[in-house]
Amino acid sequence: MIATSDKWRIAQLDSLAPEAFVEITYKVTEPGLQESAVESNNGAMSFSDHNNIVDMTGREHQTYATLEHNLWALGGDHELLPNVDDTGFVSSVISGGDGSFSTSPVITITLDALHAQAIPGITITWSTAYGEYASRFRVRAFNGNTEIASQEFENTSVETDCQIALSGYNKVQIEILEWCLPNRRARMERLFLGATQTYNKNNLLSYTHKQSADLLSAELPKNNITFSLNNADGLWNPDNPSGHIRYLAERQEVRVRYGFKLDGVIEWIDAGTFWISGWDTPSNGLEAKFTARDMLEFMSDIYTGPKKGSLYEIATAAFVQADLPTLDNGDPRWFIADNLKEYMADFSDNNTDYKLAEIVQLCANAACCVMFQDRRGVVRVESIRENSAGYAIRKMISYTHPEFTLTKPLKSVSVNNGMGIAEHSASGEVQKLENSLISDETRANHVAEWVRRTLENRKIISGDYRADPSMDVLDKIAVESKYGTNNAIYVTEIEYKFAGAFHGKYTGRSTDFDVETWYSGELVSGGGVKRA
Amino acid sequence: MAIDALVYVNGYALPEPSTYSGNTSTLVDSARNVSGYMIGAVIRDDVAKVELTWRYLTAEQWAYVNKLFSRVHGGAFINAVRFYDQTAGGYITRQMYVGDRKAGMWRRDPQTGAVLGWTDCSLSLVEV
């Protein structure tokens, strides 16, 4: 479960749930563009951290004392240098009495190559720490020494969306002509080569979010969204020369969050980070449809890393080879549990071409772990969470009674053609598992027993309900049946549809934990229940 | 002293209506749960609609009102409407579309044949 407030959870049990929201933020840029940028300038202070202003990270900036007007140390309101992690760009020149500069600070972004793909502009964050900004500046783009675009902007905001279509460029310059205050240095915290667009329920015509994850890591997890936007004005038509379609590219980042209006304030939770994988914008259509997928979109190359080592090392090599984009704070977009360091694998005599995602999946399977992408957009390989907050899909919020299906009875589990065996019953199906990253009998037996314990729970339960989108795959929840009993399941599939309100479908496999102990029946809030 | 108009459409005052009724809707996505009880989720709160009627308007007045919503006469189907909202308890401005404009002819001038006025004129404005 994604952490929410008590108000959120209580609201889920009302006959009338509060107004719900979906917000999609789409970064319109060229994948890899930020990473290829190098910054230079015509004069910066010694404490200026301008080398990393062009990246995707969202750092916190602090105020610090300088000798600029009203920025003296004696007030006690500001940090002292060098106790500040990140200052961003700070110009060496100070603005005059009218805010203009004797020599305009110029920040130059040089790119590794000529970029033909169009971007709709650049986004500049001036100084959120001080609440200051350039009140007048000029953006210029070059192909070598040839200027291909130039535009002057007047501005009253610390974050400026500069709409200037760029294509066929390898250098961008920002010339700061006037600062919002006199006697101050020009500052820039961040520069994003591209634009950010936000869509909400006012623009969305449809929205679906599907997630699935396998309890045994026998299949790759899936996490994707599809949504459609109003295209009545032809903004997304492929043949519209001024339309947005020219900025659309695969693997552009999309972030989604869900919200409920509680006591007049919208409480938001992360819904996920995705990457555009396809779109359908028929010329005569009234809507434009988009699909965005999880991080595994980036992991379809053939694995070329080491074939011998700990599962941790092998999985890490796969992630490194995938060269995944980082999180906002610069951290990698993967997490591998430490217990994978304990298990060794050697598949050097196996010539199968495994994809990167498959290698990670096999590592997860061999270590008895699950694999999924969390809501921050991090692919995780870890033991299944035992500490899910108690949550129940109660009859009260169910549109259908839960459907029960039973899998075939299990006789035994065989790993790698008998390298490991776990017997279960005298008759039934023999479940076979092949994993070339399970290299020894001890591990094979361990995995076989883990599979047996998972599959002995034969009940698959599914249903439709008024969804609380804080529920995630692999959550351990209770489902209230027609007879009032509570069935404990691990959620393996969820589908959220949003058409002004959330509808949900879930599927899960029963687990052997004592649900009546776990589910004390005491409601703490919403669909949630308090653990005994 | 002339009082301010009750309803403005794109900044143009409507004649003082004879009746004015307000309607506030909560849009709800609702269905029955497995026990047969209604459960729902709010899609949108406080969607306003106002209905106006005039017992009598001159032909010029009714044409003036109609042209505000006629695209061929420079008007629009959806307009910024300032009106008295029963929920807000005050005047608010919202984007609203117009419903059917309906009126009955009062009479014609027996000498010239000119239409002299309309009775029971009505229209509604609904928040988009």
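Throughout, residues of each chain are indexed from 1 in the direction in which the sequence is written. Naming scheme: in the order in which they are written, chains are lettered from A and ligands are numbered from 1. Only residues with pLDDT of at least 70 get local features here, since the model is predicted, and only at 80 or more are side-chain atom pairs given and counted; chain-wide, interface and lining totals rely on the full set of residues. Neither water nor hydrogens contribute to the side-chain values; these are computed over all heavy atoms in the structure.

Notes on the overall build of chain B
Numbered from the N terminus, helices here are DSSP runs of H or I no shorter than four residues, and strands are runs of E no shorter than two. If you tally the helices and strands in chain B, you get one helix and eight strands. When the helices and strands of chain B are placed in sequence order, the string is β-β-β-β-α-β-β-β-β. Taken over C-alpha atoms, the radius of gyration is set against a globule rule of 2.2 Å times the number of residues to the power 0.38. Over its C-alpha atoms chain B spans a radius of gyration of 18 Å, topping by over 25% the 14 Å that the globule rule assigns to 128 residues. The cut-offs for exposure are 20% and 50% of the maximum accessible area for each residue type, with area from a 1.4 Å probe on protein chains only; residues under the lower value are buried, those over the upper are exposed, and the others partly exposed. Across the 128 residues that make up chain B, the buried fraction comes to 32%. Only heavy atoms matter for contacts: two residues are in contact if any of them lie within 4.5 Å across the pair. By sequence separation, contacts in chain B at least 24 residues apart represent 57% of the contacts at least 6 residues apart. In short, Shrake-Rupley with a 1.4 Å probe defines the accessible areas, and a residue's cover is counted only from the protein chains shown. As displayed, chain B has an accessible area near 7,400 Å², and 51% of this comes from carbon and sulfur atoms. Under the convention used here, Asp and Glu are negative, Lys and Arg are positive, and both His and the chain ends fall outside the count. The atom standing in for a charge is NZ when the residue is Lys, CZ when it is Arg, CG when it is Asp and CD when it is Glu. Each charge sign in chain B was given a centre, from 12 positive and 12 negative side chains, and these centres are 6 Å apart.

Here's the deal with the domain arrangement of chain A
Residue and element names in this part refer to chain A. Domains are outlined according to an automatic or database domain assignment. Here chain A is partitioned into domain 1 (1–28 + 196–397), domain 2 (34–193) and domain 3 (408–456). Computed over C-alpha atoms, the centres of domain 1 and domain 3 are 31 Å apart. On the side of domain 3, 14 residues touch domain 1, which itself brings 19 residues to the contact. When the two sides are added together, the surface that domain 1 and domain 3 hide from each other amounts to roughly 1,300 Å², 65% of it contributed by carbon and sulfur. Salt bridge, as used here, is a side-chain nitrogen of Lys or Arg placed within 4 Å of a carboxyl oxygen of Asp or Glu. The tally of links between domain 1 and domain 3 comes to zero salt bridges. Here a polar contact is recorded for every N or O atom pair within 3.5 Å, except that within protein the pair must consist of a potential hydrogen donor and a potential acceptor, and residues adjacent in sequence are included only if both atoms are side-chain atoms. Taken together, domain 1 and domain 3 are joined by six residue pairs in polar contact (both at pLDDT 80 or more). Of all the elements in the fold, those that place two or more residues in the side of domain 1 that touches domain 3 are α2 (311–322), β21 (344–346) and α3 (356–366). Broken down by element, the side of domain 1 that touches domain 3 gets its largest block of residues, five residues, from α3. In this classification, Asp, Glu, Lys and Arg are treated as charged, Ala, Val, Leu, Ile, Met, Phe, Trp, Tyr, Cys and Pro as nonpolar, and every other residue, Gly included, as polar. Each residue belonging to the side of domain 1 that touches domain 3 can be placed in one class, and the counts come to 16 nonpolar, two polar and one charged. Here the quantity called buried area is the total loss of accessible area, with a 1.4 Å probe, experienced by two parts when brought into contact, counted for both.

Focus on the sheet that holds strand β6 (residues 119–125) of chain A
Residues and elements named next belong to chain A. By the convention used here, strands pair only if DSSP detects at least 2 bridges between them. One open sheet accounts for three strands, arranged β9-β6-β12; its pairing is antiparallel. The open sheet has two edge strands, β9 (159–166) and β12 (190–192), and neither has a second partner. Looking at each pair of strands side by side, their axes are set apart by 15° on average, direction ignored. Here three bridges tie β6 to β12, and the two strands are oriented antiparallel to one another. Bridged to Ile-124 within β12 is Leu-191. Note on definitions: angles span 0 to 180 degrees between N-to-C directions of axes, and those axes are lines fitted to C-alpha atoms, for helices only across the stretch in contact.

Quick word on the interface of chain A and chain B
Each partner contributes residues to the interface: chain A has 19 residues there, and chain B has 15 residues. Taking both partners together, chain A and chain B bury about 1,300 Å²; carbon and sulfur atoms supply 60% of that area. Broken down residue by residue, the surface that chain A buries against chain B is led by A:Leu16, A:Glu19 and A:Tyr399, which jointly contribute 36%. Viewed at the interface, chain B and chain A are joined by eight residue pairs in polar contact (both at pLDDT 80 or more). Looking at side-chain class alone, the side of chain A that touches chain B contains nine nonpolar, six polar and four charged residues. Relative to strand β4 (residues 38–58) of chain B, strand β1 (residues 16–17) of chain A runs parallel, the two sharing two bridges. Paired with A:Leu16 across the bridge in β4(B) is B:Gly40.

Comments concerning helix α1 (residues 59–67) of chain B
All names here are of chain B. When we look at burial in α1, the residues that qualify are Ala-59, Trp-62 and Val-65. Along the long axis of α1, the arc covered by the buried residues comes to 130°, so they all point the same way. The secondary structure elements touched by the buried residues of α1 are β4, β7 (102–105) and β8 (117–127). By construction, the arc corresponds to the directions joining the helix axis to the C-beta atoms.

Thoughts on helix α4 (residues 441–455) of chain A
All names here are of chain A. Helix span is expected to be 1.5 Å times the residue number reduced by one. With 15 residues, α4 ought to run about 21 Å at 1.5 Å a step, and its terminal C-alpha atoms sit 21 Å apart, in line with that. For α4, the set of buried residues is Arg-443, Ala-444, Val-447, Ala-448, Trp-450, Val-451, Arg-452, Thr-454 and Leu-455. The inward-facing, buried residues of α4 abut α3, β26 (410–415), β27 (420–423), β28 (429–433) and β32 (502–510). If you check the start of α4, you find a side-chain oxygen 3.1 Å away from the backbone N of Thr-442, and it comes from Asp-440.

Structural notes on the packing of aromatic side chains
Residue and element names in this part refer to chain A. Stacked, tilted and edge-to-face pairs are distinguished by plane angle, under 30 degrees for stacked and over 60 for edge-to-face with tilted covering the rest, among Phe, Tyr and Trp rings (Trp via its six-membered ring) whose centres lie within 6.5 Å. One pass over the structure, following the stated rule, counts 23 aromatic pairs over all chains. With a centroid separation of 5.4 Å and 90° between ring planes, the pair formed by Trp-275 and Phe-298 is classed as edge-to-face. Linking Trp-275 in strand β17 (residues 265–280) with Phe-298 in the loop between β18 (287–293) and β19 (308–310), this pair joins segments that are 23 residues apart in sequence. Here Trp-275 matches Phe-298 in class, with each residue buried. Members of the aromatic cluster, joined through ring pairs, are Trp-8, Tyr-207, Tyr-258, Phe-260, Tyr-496, Phe-498 and Phe-502. In our convention, an over-ring charge means Lys NZ or Arg CZ found within 6 Å of a ring centre and within 35 degrees of that ring's normal. Arg-380 extends its terminal NZ or CZ atom over the ring of Phe-335, reaching a point 4.4 Å from the ring centre.

A word on the environment of A:His50
Residue and element names in this part refer to chain A. Checked against the element boundaries, His-50 lands in the loop between β3 (38–41) and β4 (89–94). Taking C-alpha positions, His-50 is 9.3 Å from Ile-107, a pair spaced 57 residues apart along the chain. Apart from the residues lying within four places of it in its own chain, the contact partners of His-50 are Glu-39, Asn-41, Ala-44, Gly-88 and Phe-89.

Some points on the nonpolar core
By nonpolar core we mean a set of buried residues, namely Ala, Val, Leu, Ile, Met, Phe, Trp, Tyr and Cys, connected to one another through side-chain atoms within 4.5 Å. Judged by nonpolar contacts, the single largest core of 53 residues is most densely connected at A:Tyr207, A:Val256 and A:Met471. With residues up to four places along the chain from it excluded, the contact list for A:Met471 reads A:Met1, A:Gln211, A:Arg375, A:Tyr391, A:Ile393, A:Tyr465, A:Ile477, A:Val491, A:Ile494, A:Tyr496 and A:Tyr506.

Comments concerning the pattern of salt bridges
All names here are of chain A. Counted under the stated rule, the structure contains 31 salt bridges over all chains. Glu-132 serves as the salt-bridge partner of Arg-184, at 1.9 Å between the closest nitrogen and oxygen. Taken together, the positions of Arg-184 in the loop between β10 (169–179) and β11 (185–188) and Glu-132 in the loop between β6 and β7 (134–143) put the pair 52 residues apart, joining distant regions of the chain. Here Glu-152 ties to Arg-136 by a salt bridge, and the two come within 2.9 Å at their closest N and O atoms. Residue Glu-152 is located in strand β8 (residues 146–154), and its partner Arg-136 is located in strand β7; the two are separated by 16 residues in the primary sequence. Take Arg-136: its relative accessible area is 25%, and that puts it in the partly exposed class. It is possible to trace a salt-bridge network through shared partners that takes in Arg-136, Arg-138, Glu-152, Glu-175 and Glu-178.

Overview of the side chain of A:Glu189
Residues and elements named next belong to chain A. Relative to the elements of secondary structure, Glu-189 occurs in the loop between β11 and β12. Of the polar contacts made by the side chain of Glu-189, one reaches the side chain of Thr-128; its length is 2.7 Å. Within the structure, the side chain of Glu-189 is placed 3.1 Å from the backbone nitrogen of Ala-129, a separation counted as a polar contact.

Things to note about unusual backbone geometry
For residues besides glycine, phi is generally negative; the peptide bonds are generally trans as well. Phi at A:Asn183 is positive, roughly 60°, even though this residue is not glycine. With a phi close to 50°, B:Asp120 is a non-glycine residue in the positive phi region. For B:Asp120, the location among the structural elements is in strand β8. What makes B:Asp120 exposed here is its relative accessible area of 55%.

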